[in-house]
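Inside the fold
So the chains spell out like this:
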Amino acid sequence: MCRMGEIDMKHHLKGLGAAAFGLCAAMFGTQAAAAQDPVIDVHLHAESVSAYGPPGQKMCMEHLKYVPPVDPVKENMLQTLGAWNRNPGCADPIPAAASDEALMRETIAVLKKRNIRGVVSGPPETVAAWKQAAPDHIIAGRQFNLAREADISADDIAAEFKSGAFEVLAEVTNQYAGHGPNSPAFDAYWAAAEANDIPVGIHIGGMPPGAAYWGTGARAALGDALLLEEILIRHPKLRVYIMHAGMPQFERTFALMQQFPHVYAETGVMQTVMTRGGYEEFLRRAIDAGLGKRIMYGTDQMIWPGMISRSLDLVEATDALTPEQKRDFLYNNAVRFFRLDDEE
Ligand SMILES: [Zn+2]
């Protein structure tokens, strides 16, 4: 009971803080984890460990600073980057889970331990399996890419949503297929999302180094939040959040969000790949831009379950946000955007 209460109690007892919340947990006998303030991670993945290439890839904190400079004549770029992915060069890399089963088990264990609910994207059958394994912690996302899901129409998406198969259309990764947010090929999907009140999370911004050479059409230039502007005008009732906050073109994201006060952004992968100083600067700039009520926390955990705790530890420790701003970022803003208060 107190699980539903985690959301509700938090809402109704706003101001009473963790003490009352802990009391709730004790009264209703929920696990000790509930003593931690609830967190919503709006950017998680439920995948196979082989979904991102060959096994053995590791992730560093401050990952981008370890990207090796490549000589395009003397080296095969994708080979060099592949080797780097297995040995990224930091002292304390985050290992990938050993198997698909371990990935689900380890991810769900940390969600429970840290009192996190996550919007999870992935193959529908994988998301459904994870949701079944931990219904209290999984909000079902619906992954979408115009190339990979070429046979899924906008009507299909609307029908899936109405059937309850998913709750959030995310992660939309059209940028990897050469389509910007304003691509005419996606317009029918925006229209379906607006008509059916489907929240949408779209990848805008950072991709792994070398992605433009994968042959999928991925382009950095399409990672521009301002490309959403005409879409927001054409579909004024869309509920959309910018995944990765348009990293690293934050100025463009802030310009859009200042003009469109219903647009949110989330910080998937930023905690992990940016330098700590750069990430904290992002948070401060978002606050300075007046966006403290519309930035949401996301990890973009893919195959490295350790990313979840390392990311949350970093946010909990930073002084770039006040305690109140942190609660908004980690929880309240997502509750508002996804209307989790409306849940029965
Ligand atoms: Zn993404």
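We now turn to the structure provided with this report.

Scoring rules and cut-offs
- Residues numbered from 1 in each chain as written.
- Predicted model: local features only at pLDDT ≥ 70, side-chain atom pairs only at ≥ 80, totals over all residues.
- Heavy atoms only, no water.
- Donors = N, O, S within 2.8 Å, 3.2 Å for Na, K, Ca; no water.
- Buried < 20%, exposed > 50% of the residue type's maximum accessible area, 1.4 Å probe, protein only.
- Pairing = 2+ DSSP bridges.
- Helix = DSSP H or I, 4+ residues; strand = E, 2+ residues; numbered from the N terminus.
- Axes fitted to C-alpha atoms, helices over the stretch in contact; angles between N-to-C directions.
- Right-handed = clockwise from strand over helix to strand, strands pointing away.
- Contact = heavy atoms within 4.5 Å.

1. Some points on the coordination of the zinc ion
Here the zinc ion is held by Glu171 (OE), His203 (ND1) and His244 (NE2), and the distances to it run 1.8 to 2.3 Å. Judged by relative accessible area, which is 3%, His203 ranks as buried.

2. Re the sheet that holds strand β4 (residues 116-121)
Spatially, β1-β4-β5 is the arrangement adopted by the three strands of the open sheet, whose pairing is parallel. The open sheet has two edge strands, β1 (39-45) and β5 (138-140), and neither has a second partner. Taking the axes of each pair of neighbouring strands and ignoring which way they run, one obtains an average angle of 25° across the sheet.

3. Focus: the pairing of strand β6 (residues 169-172)
Note that β6 and strand β7 (residues 200-203) share two bridges and pair parallel. Residue Val172 lies in a different strand from β7, and its bridge partner there is Ile202. Remark: the β6/helix α7 (residues 187-196)/β7 crossover connection has right-handed handedness.

4. Description of the environment of Leu238
With respect to the secondary-structure elements, Leu238 resides in the loop between α8 (229-234) and β8 (240-243). With 24 residues separating them along the chain, Leu238 and His262 place their C-alpha atoms 8.6 Å apart. Discounting chain neighbours no more than four positions away, the residues touching Leu238 are Trp190, Ala193, Glu194, Ile231 and His262.

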